[in-house]
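# Structural characterization, general
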Amino acid sequence: MILLSCVVSAINALLRYGPDISNNWPLELQWYLFAAAVMLGSAYTLKRNEHVRVDIIYSHLTDRRRLWVDLLGLIFFLMPACILFAWFSWTSLFYPSWIIMEHSLNSGGLARYPIKFVVPFGFFMLSLQGLSEIIKRIGALNGEMTLPAEYLQYEKPIQ
């Protein structure tokens with residue numbers, strides 16, 4: 001999606017500054033592609049354990065305590081936030097837009113309701129991945145499975 005966004009941007013710039021052809025839909029398409037990359041990429045980022053973690057205490061904990069910190073953080077912070085954001089973005093962002101088949105007010109703009117669906121769907125997918133991570137942490141704490149080493153490694157921020 002990021003690559004496609006760059007291609008759309010380059011073609012749009014060439015057309016605008018070359019033969020002086022301009023339209024609003026390529027600009028909106030870039031925004032849609034970037035939004036989709038962020039919202040849909042968050043679950044994948046959590047799966048790969050590449051999310052941002054800046055915690056002075058976490059870096060000094062044992063592996064077992066890191067599992068507990070991860071588990072409690074997933075249960076008490078990630079899951080409630082994802083469920084709330086998914087629900088509220090469905091009821092107050094996507095659904096009203098879909099009912100009226102909202103389109104951009106810009107001339108030549110795109111439909112807005114499809115990209116607004118990406119927000120609750122992204123949070124739904126993140127909550128499913130969060131549930132998967134909770135199950136993995138419980139399994140690791142019970143000794144039923146071992147997590148790959150990169151799950152418990154912590155890279156200190158470079159200052």
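This text gives an overview of the structure that appears in the document. (Residues numbered from 1 in each chain as written. Predicted model: local features only at pLDDT ≥ 70, side-chain atom pairs only at ≥ 80, totals over all residues. Heavy atoms only, no water.)

### Describing the environment of Cys82
As for its placement among the helices and strands, Cys82 is situated in helix 3 (residues 63-99). Residue classification places Cys82 among the buried residues on the basis of a relative accessible area of 2%. Once you skip the residues sitting within four places of it in the chain, Cys82 turns out to touch Phe123, Leu126 and Ser127. (Helix = DSSP H or I, 4+ residues; strand = E, 2+ residues; numbered from the N terminus. Buried < 20%, exposed > 50% of the residue type's maximum accessible area, 1.4 Å probe, protein only. Contact = heavy atoms within 4.5 Å.)

### Remarks on the packing of helix 3 against helix 4 (residues 113-141)
Helix 4 packs onto helix 3 with a crossing angle of 160° between their chain directions and a minimal axis gap of 8 Å. One finds that helix 3 runs roughly antiparallel with respect to helix 4. In the crossing of helix 3 with helix 4, the sense of the turn from one axis to the other is left-handed. Across the contact of helix 3 with helix 4, the residue classes break down as 26 nonpolar, four polar and five charged. (Axes fitted to C-alpha atoms, helices over the stretch in contact; angles between N-to-C directions. Parallel < 35°, antiparallel > 145°, perpendicular 65-115°, else oblique. Left-handed = near helix turned anticlockwise from the far one by under 90°. Nonpolar A, V, L, I, M, F, W, Y, C, P; charged D, E, K, R; others polar.)

### Things to note about helix 3
Side chains that are three or four residues apart share a direction in an α-helix, a result of its 3.6 residues per turn. At Trp90, helix 3 shows its maximal kink, close to 40°. Listed as buried for helix 3 are Arg66, Leu67, Asp70, Leu71, Leu74, Met79, Cys82, Ala86, Ser89, Phe94 and Ser97. With its phi angle positive at about 50°, Met101 sits one or two positions after the end of helix 3. (Bend = angle between axes of the 7 residues up to and from the residue.)

### A few points about the nonpolar core
Core analysis: the biggest nonpolar cluster contains 10 residues, these being Tyr32, Ala36, Met39, Leu46, Cys82, Ala86, Ile115, Val118, Phe123 and Leu126. Mapped onto this core, the elements with two or more residues apiece are helix 2 (25-47), helix 3 and helix 4. Apart from residues no more than four positions distant in its own chain, Ile115 is found in contact with Trp31, Tyr32, Ala35 and Ala36. Membership of the second largest hydrophobic core comes to eight residues, among which are Leu71, Met79, Ala140 and Leu147. (Core = buried A, V, L, I, M, F, W, Y, C linked by side-chain atoms within 4.5 Å.)

### Quick word on the packing of aromatic side chains
Counted under the stated rule, the structure contains eight aromatic pairs. With a centroid separation of 5.0 Å and 55° between ring planes, the pair formed by Trp31 and Tyr32 is classed as tilted. Overall, the relative accessible area of 47% leaves Trp31 in the partly exposed class. In this structure Tyr32 comes out as buried when scored by relative accessible area, which is 10%. Where Trp90 meets Phe94, the ring centres are 4.8 Å apart and the plane angle is 50°; that geometry is what we call tilted. On the criterion of helical spacing, the pair formed by Trp90 and Phe94 is a turn pair, its members being four residues apart in helix 3. Note on Phe94: relative accessible area 7%, which makes it buried. (Phe/Tyr/Trp six-rings, centres within 6.5 Å; stacked < 30°, edge-to-face > 60°.)

Don't take any of this as a statement about function, it's just geometry.
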